[in-house]
Amino acid sequence: MKNFIVLSFVLISFIAKAQESEKVSVEKSLYGAQLGLLSTSFYYEAQLKRKITLRTEIGLVLGFATRDYEDPAIEDETATLIVPYVTLEPRWYYGLDRRKRLGKKTYNNSSNYVSLATSYMSNKTPIMNNGDFDVVSAITVVPKYGIRRAFAKHFNYEFSAGAGYQYNVFSETSGCDCDHNNTTVDIQARIGYDF
């Protein structure tokens, strides 16, 4: 009887280990470049767990600003801004197992995901500011839902959307008349290349 119990535990352990090795996981490391509608970036994703990665991203974002004057004699001003940003984003690729069961591709982290993107934009380093506008440093925290798919051998596309919190970093003496706390919406459509 003892031999039967020991043999059963060994067999169960072996089967569990074999099933674990069959499970699909995210790539150990993935890096590349992506071009979006209003941004371009370089990224690096590192595996933390089987379905969880930490994405680090550095890039440029295009923005537009308008200053409306109440006096009709003064013409409204518009500016185009290009500002660098850095993002840390843990991602949970929850759809990997389902995609594998359905026989769909999972390479290069092709799956649906949820994430929490934390970004910082600095007012010290605008690449372009063609108006007399103050760029305010900002920290954003946005929970997002996204879809990532790889195609060809190295190409990918992503769609993501989320709404979250933005904290504008400035001192009262800088002359900014904006609020510290804002709500922000982040909608992305990107195409990229994995190196």
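Residues numbered from 1 in each chain as written. Predicted model: local features only at pLDDT ≥ 70, side-chain atom pairs only at ≥ 80, totals over all residues. Heavy atoms only, no water.

Draft legend 1. Here's a closer look at the pairing of strand 9 (residues 181-194). Looking at chain direction, strand 1 (residues 29-36) and strand 9 are connected through five bridges and run antiparallel. The residue bridging G32 from the neighbouring strand is D194, located in strand 9. (Pairing = 2+ DSSP bridges. Helix = DSSP H or I, 4+ residues; strand = E, 2+ residues; numbered from the N terminus.)

Draft legend 2. Here's a closer look at the nonpolar core. The biggest cluster of nonpolar side chains holds five residues, and these are V24, V26, Y93, L96 and Y113. With residues up to four places along the chain from it excluded, the contact list for V24 reads R50, L96, D97, K100 and T106. (Core = buried A, V, L, I, M, F, W, Y, C linked by side-chain atoms within 4.5 Å. Buried < 20%, exposed > 50% of the residue type's maximum accessible area, 1.4 Å probe, protein only. Contact = heavy atoms within 4.5 Å.)

Draft legend 3. Representation of the side chain of S137 within the structure. If you trace the backbone, S137 turns up in strand 7 (residues 137-151). Given the relative accessible area of 4%, S137 is considered buried. Excluding residues that lie within four positions of it along the chain, S137 makes contacts with Y120, M121, S122, N123, Y167, N168 and V169.

Draft legend 4. Layout of the side chain of T106. On the secondary structure map, T106 appears in the loop between helix 2 (96-101) and strand 5 (111-121). Classification of T106 by relative accessible area gives buried; the value is 16%. In this structure, T106 is in contact with V24, L96, R99 and K100, ignoring residues within four places of it in sequence.

Draft legend 5. Focus on the pattern of salt bridges. Within the structure shown, the criterion is met by 13 salt bridges. Across the pair R55 and E158 runs a salt bridge whose closest N-O atoms are separated by 3.4 Å. Highlighted residues: R55 in strand 3 (residues 52-67) and E158 in strand 8 (residues 155-169), separated in sequence by 103 residues. A single burial state applies to R55 and to E158, both of which are buried. With a closest N to O distance of 3.0 Å, R91 and E158 form a salt bridge. With R91 in strand 4 (residues 77-92) and E158 in strand 8, this pair connects stretches of sequence that are 67 residues apart. (Salt bridge = Lys/Arg side-chain N within 4 Å of Asp/Glu carboxyl O.)

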